[in-house]
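# Architecture at a glance
So you can see what is in the structure, the chains are spelled out below.
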Amino acid sequence: MTRGVLIGAGLTAVLVLAALLSLVWTPHDVAAIDIAAKLQGSSAAHWLGTDHFGRDLFSMILVGARVSLAVALVAVGIGAGLGVPLGLIAAARRGSVVDEVVTRANDVIFAFPSLLIAILITAVFGPSALNAIIAIGIFNIPVFARLTRGAALALWQRDFVLAARVAGKGDARISVEHILPNLADLLIVQATIQFSLAILAEAALSYVGLGAQPPTPSWGRMLADSQTMIAIAPRLALVPGLAIVLAVLGLNLLGDGLRDMLDPRTRRARA
């Protein structure tokens, strides 16, 4: 196991632990406003200080990790849950109308920047964490569909698929029992990468006011709130910014490490 994988796994574990910890405990109520304690520095009572409303930054970071993790997890789940079956169906029906519709639909969605689609959806249906999840999830669908279709097309030419056909198995059963298991490592790596992108997308939407709404803390919202006070209290921007950087870095390192470990071509090159 490489150093990058260990660092990525460690940073990802910290993200998950912070999110889980916020479910049962935070040092202070993140919705409690205490103007008398605003813009305080680090202390025993407030480990990372307070913001311009007197709210505890450490508590907000913990809850923000939970929001980011929940949005990314559900959004990637939507993308994989719908995109993988679509990709398998398109590959099994290669050259058919179904394959053409799936491929062209992917091209249409990819023609627009993901953030633009997310902003459009949340602007139409209203800003909320739920709409942010739907918006990010929709863009993840063609990512998994295209990846699954491309990889599955190569597998359909393999001898074990021919043997399965001789055994009397249909396309659906072959896709589930033979094609999908051979794509698992590729899909796991892609899910890790999309997870980090979903965290960035959630932060971007919250930054422009289209993600999680107050009083629910969000790392992107914290960055937006701090921009007018960057000269007075730079830590208000540095703390959530660093949290986003470390979370995305950890997931990217983990994804790269898993790809190197699971890809047989990489293993042969190292050998």
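A quick note: this is a predicted structure, and the numbers were derived from the prediction, not measured. (Residues numbered from 1 in each chain as written. Predicted model: local features only at pLDDT ≥ 70, side-chain atom pairs only at ≥ 80, totals over all residues. Heavy atoms only, no water.)

## A few points about the overall build of the chain
When you go through the chain residue by residue, the secondary structure sums to 10 helices and zero strands. Viewed in the frame of its principal axes, the chain has a C-alpha envelope of about 75 × 50 × 30 Å. Within the chain, the fraction of its 271 residues that count as buried is 44%. Considering only contacts within the chain whose residues lie at least 6 apart along the sequence, 68% involve residues at least 24 apart. (Helix = DSSP H or I, 4+ residues; strand = E, 2+ residues; numbered from the N terminus. Buried < 20%, exposed > 50% of the residue type's maximum accessible area, 1.4 Å probe, protein only. Contact = heavy atoms within 4.5 Å.)

## Focus on the side chain of Asp-51
Mapped onto the elements, Asp-51 comes out in the loop between helix 1 (3-24) and helix 2 (57-92). What makes Asp-51 buried here is its relative accessible area of 3%. Within the structure, Asp-51 has its side chain in polar contact with the backbone nitrogen of Arg-55 (distance 2.8 Å). (Polar contact = N/O pair within 3.5 Å; in protein donor to acceptor, adjacent residues only side chain to side chain.)

## Observations concerning the packing of aromatic side chains
Working definition: an aromatic ring pair is given by the centre-to-centre distance plus the angle between the planes. Using the criterion set out here, one finds two aromatic pairs in the structure. Measuring from centroid to centroid gives 4.9 Å for Trp-47 and Phe-58, while their planes differ by 45°, and the two rings are tilted. Taken as a pair, Trp-47 in the loop between helix 1 and helix 2 and Phe-58 in helix 2 lie far apart in primary sequence, 11 residues in all. Judged by centre distance (5.8 Å) and plane angle (85°), the ring pair of Phe-110 and Phe-139 falls under edge-to-face. Of this pair, Phe-110 sits in helix 3 (residues 97-110) while Phe-139 sits in helix 5 (residues 129-155), placing them 29 residues apart in sequence. Of the residues examined, Phe-110 reaches a relative accessible area of 30% and is grouped as partly exposed. Judged by relative accessible area, which is 18%, Phe-139 ranks as buried. (Phe/Tyr/Trp six-rings, centres within 6.5 Å; stacked < 30°, edge-to-face > 60°.)

## A look at the environment of Val-239
Tracing the backbone shows Val-239 in helix 9 (residues 235-262). What makes Val-239 buried here is its relative accessible area of 18%. Val-239 sits 22 residues away from Met-261 along the chain, and the two C-alpha atoms are 33 Å apart. Apart from the residues within four sequence positions on either side, Val-239 is in contact with Leu-48 and Ile-61.

## Concerning the pattern of salt bridges
Here the structure, examined in full by the defined rule, presents 11 salt bridges. The salt bridge involving Asp-51 is made with Arg-55; its shortest N-O contact spans 2.8 Å. Each member of the pair, Asp-51 as well as Arg-55, is classed as buried. What you see here is one network of salt bridges that share partners, running through Glu-100, Arg-104, Asp-107 and Arg-146. (Salt bridge = Lys/Arg side-chain N within 4 Å of Asp/Glu carboxyl O.)

## Describing unusual backbone geometry
Put simply, Pro-214 and Pro-215 share a cis peptide bond, and its omega is 10°. Within the secondary structure layout, Pro-215 lies in the loop between helix 7 (171-207) and helix 8 (219-226). Even without glycine at this site, Leu-39 takes up a positive phi of about 55°. Note that Leu-39 resides in the loop between helix 1 and helix 2.

## Let's talk about the nonpolar core
In terms of nonpolar packing, the biggest core is built from 60 residues, with Trp-156, Ile-179, Leu-183, Ile-199 and Trp-219 touching the most fellow members. Only helix 1, helix 2, helix 4 (114-125), helix 5, helix 6 (159-166), helix 7, helix 8 and helix 9 provide two or more residues apiece to this core. Ranked by residues supplied to this core, first place goes to helix 2 with 17 residues. (Core = buried A, V, L, I, M, F, W, Y, C linked by side-chain atoms within 4.5 Å.)

## Considering the packing of helix 7 against helix 9
Describing two packed helices takes the angle between their axes plus the distance from one axis to the other. The contact between helix 7 and helix 9 brings their axes to 9 Å, and the two run at 170°. Classified by the interaxial angle, the pair formed by helix 7 and helix 9 is roughly antiparallel. Note on element contacts: helix 9 touches helix 7 through Ile-244, Ala-247, Val-248, Leu-251, Asn-252, Leu-254, Gly-255, Leu-258, Arg-259 and Leu-262, opposite Asp-185, Ile-188, Val-189, Thr-192, Phe-195, Ser-196, Ile-199, Leu-200 and Ala-203. Considered class by class, the residues forming the contact of helix 7 with helix 9 number 13 nonpolar, four polar and two charged. (Axes fitted to C-alpha atoms, helices over the stretch in contact; angles between N-to-C directions. Parallel < 35°, antiparallel > 145°, perpendicular 65-115°, else oblique. Nonpolar A, V, L, I, M, F, W, Y, C, P; charged D, E, K, R; others polar.)

## So, empty space enclosed by the protein
Within this structure, the stated rule accounts for one cavity of 30 Å³ or more. What the largest cavity holds in volume is close to 70 Å³. Taken together, Asp-51, His-52, Arg-55, Leu-57, Met-60, Met-222, Asp-225, Ser-226 and Leu-236 make up the lining of the largest cavity. Of all the secondary-structure elements, those providing two or more residues to the lining of the largest cavity are helix 2 and helix 8. Among the elements that make up the lining of the largest cavity, the one with the highest residue count is helix 8 (three residues). Looking at the lining of the largest cavity residue by residue, the classes come out as four nonpolar, two polar and three charged. (1 Å grid on protein atoms, 1.4 Å probe; cavity = no way out; pocket = protein on both sides within 12 Å on 5 of 7 lines; lining within 4 Å. Points joined across faces, edges and corners; volume = space filled by probe spheres on them.)

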